[in-house]
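In case you want the letters, here they are:
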Amino acid sequence: MTARVLIIAGSDSGGGAGIQADIKTVTMLGGHAMTAITAITAQNTMGVQGVHAIPAEMVLMQIDSVVADIGVDAVKIGMIGSAATAAAVAERLRRSDMAGAAVVFDPVMVATSGSVLADADTIRAFEALLDRAAVATPNLGELAALGGEAAVLAHGCALLAKGGHGEGDTVVDRLIEADAGEVARWEAPRIATMNTHGTGCTLASAIATGLAQGMPLEPAVARARDFVRLALMDAPGLGEGHGPMGQQGVRNDGLFTGPALNQITLPATDYAASVAFYKQMGLTQIVDSSANGYARFEAANGVTLSIHVGGGDAGGTTTYLESGALDAWVAYLARRGVRFDQMPRDEEWGWREARLTDPAGNRLCLYQAGEYRRYPPWRI
């Protein structure tokens, strides 16, 4: 059944953050997004010009409406609007018809532009929401305002301490559990962009979608991080300030467990002639390595095709099957008797690959590329 994700958050008239970013994220990851809007904002990439809080009674009515008919597998909480709404929502989430829904709480306090979105009373009211949350996802400033790691973990929820607001060229995100300490850490190069509006909303909604789909917390966070980074690199560049991300451009790149057919490599004899031919066919060249006799092309849906001079006998191919969980997939196949020519190994071009041969002698490569699927360092 389609994962049902209820988003309790504010509306962003500029479409970059809040409910609008949440809906795009849940939809792109295959879930069904429902909403309980807590506030209406007038905002764009330059800042927030106005906020109108929705009465707590109307927020609860929206929740009751979707729970009674559609049902909820996970809840994402973002901008909450007021202390009264925070208390009312926390109480509502404790009812039996919501007991099975995983709650992801993104304690929104300040927008990317610097506008304050939660007053002191509302921040104090977050305590009750932390009690109900499966995981909280504050940035460094929000974490400090909540009293630090120990204060958050005291509520029994897990904590994803996000490093995007930290210093340096490397972003470090840490997943911490109340009873186990730090259970996962991710480090990645900082993406230099102004188009960061909605990163926190997108991350939390992506985690909620994963939990709604039955994923454990750690892989749900890992997939969500990949989604955010790809959306940052796919940002359309709108507005004069902190622009919106490009959730619509992610196209599920490597965000599935697999297998997914992504890449075919064809042997070639004349590099220039093959490059000209596939350009004429309407494909976009994304790799030009003429010295190695290798070129790659991308179709409109993100699937790629390569040509390689000297890469095999005429008429032979190498087929690439992609997975977001390569090691688990290969281990599953190996336990069932599939023999591999190469077990999973990190390659110098950024992919992790395993190789095997089918019964007819055709070559297969099973791989995991993450954000390198469409944005490797060597892309032209």
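All of the points below concern the structure found in this document. Numbering of residues begins from 1 in every chain and follows the order in which that chain's sequence is written. Per-residue local features of the predicted model are confined to residues with pLDDT of at least 70, and side-chain atom pairs are confined, for both listing and counting, to 80 or more; whole-chain, interface and lining totals are unaffected and use all residues. Side-chain calculation: all heavy atoms of the structure are included, whereas hydrogens and water are not.

Bringing the environment of Asp121 into the picture now. For Asp121, the location among the structural elements is in helix α4 (residues 120-132). Asp121 sits 71 residues away from Gly50 along the chain, and the two C-alpha atoms are 19 Å apart. A run of DSSP states H or I qualifies as a helix once it reaches four residues; a run of E qualifies as a strand once it reaches two. Both are numbered from the N-terminal end.

Okay, the nonpolar core next. Throughout this description, the term nonpolar core refers to a set of buried Ala, Val, Leu, Ile, Met, Phe, Trp, Tyr and Cys residues connected via side-chain atoms within 4.5 Å. With a 1.4 Å probe rolled over the protein chains alone, any residue whose accessible area is under 20% of its type maximum counts as buried; one over 50% counts as exposed, and the rest are partly exposed. Of all hydrophobic cores here, the largest spans 37 residues; its most connected members are Leu6, Ile8, Val75, Ile77, Val89 and Leu129. It is α4 that contributes the most residues to this core, 5 residues altogether. The contact criterion used throughout is that any non-hydrogen atoms of two residues lie within 4.5 Å. Each residue touching Leu6, except ones within four places of it in the same chain, is listed here: Met34, Thr35, Ala36, Ile63, Val66, Val72, Ala74, Val75, Lys76 and Met98. Residues Ile7, Val26, Trp186 and Ala224 belong to the second largest nonpolar core, which totals 35 residues.

Within strand β14 (residues 318-322), 4 of the 5 residues are buried, leaving the element largely enclosed by the surrounding structure. Paired strands, as defined in this entry, are two strands with at least two bridges between them according to DSSP. For strand β10 (residues 260-268) and β14, the ladder comprises 5 bridges, and the chain directions are antiparallel. Directly across from Thr265, in β14, lies its bridge partner Thr318. Note that β14 and strand β17 (residues 363-368) share 5 bridges and pair parallel. Residue pairing in the sheet places Tyr320 in a bridge with Cys365 of β17.

Bringing the sheet that holds strand β12 (residues 294-298) into the picture now. Sheet architecture is open: 8 strands sit in the order β11-β12-β13-β10-β14-β17-β16-β15, paired in mixed fashion. One side of each edge strand has no neighbouring strand; the edge strands of this open sheet are β11 (284-289) and β15 (342-346). Pairwise comparison of adjacent strand axes, ignoring direction, gives a mean angle of 20° for this sheet. Lying on the sheet, helix α10 (residues 326-335) is in contact with β14, β15, β16 (352-357) and β17; it crosses β17 at an angle near 135°. Lines fitted to the C-alpha atoms define the axes, with helices restricted to the stretch that makes contact. Angles between their N-to-C directions range from 0 to 180 degrees.

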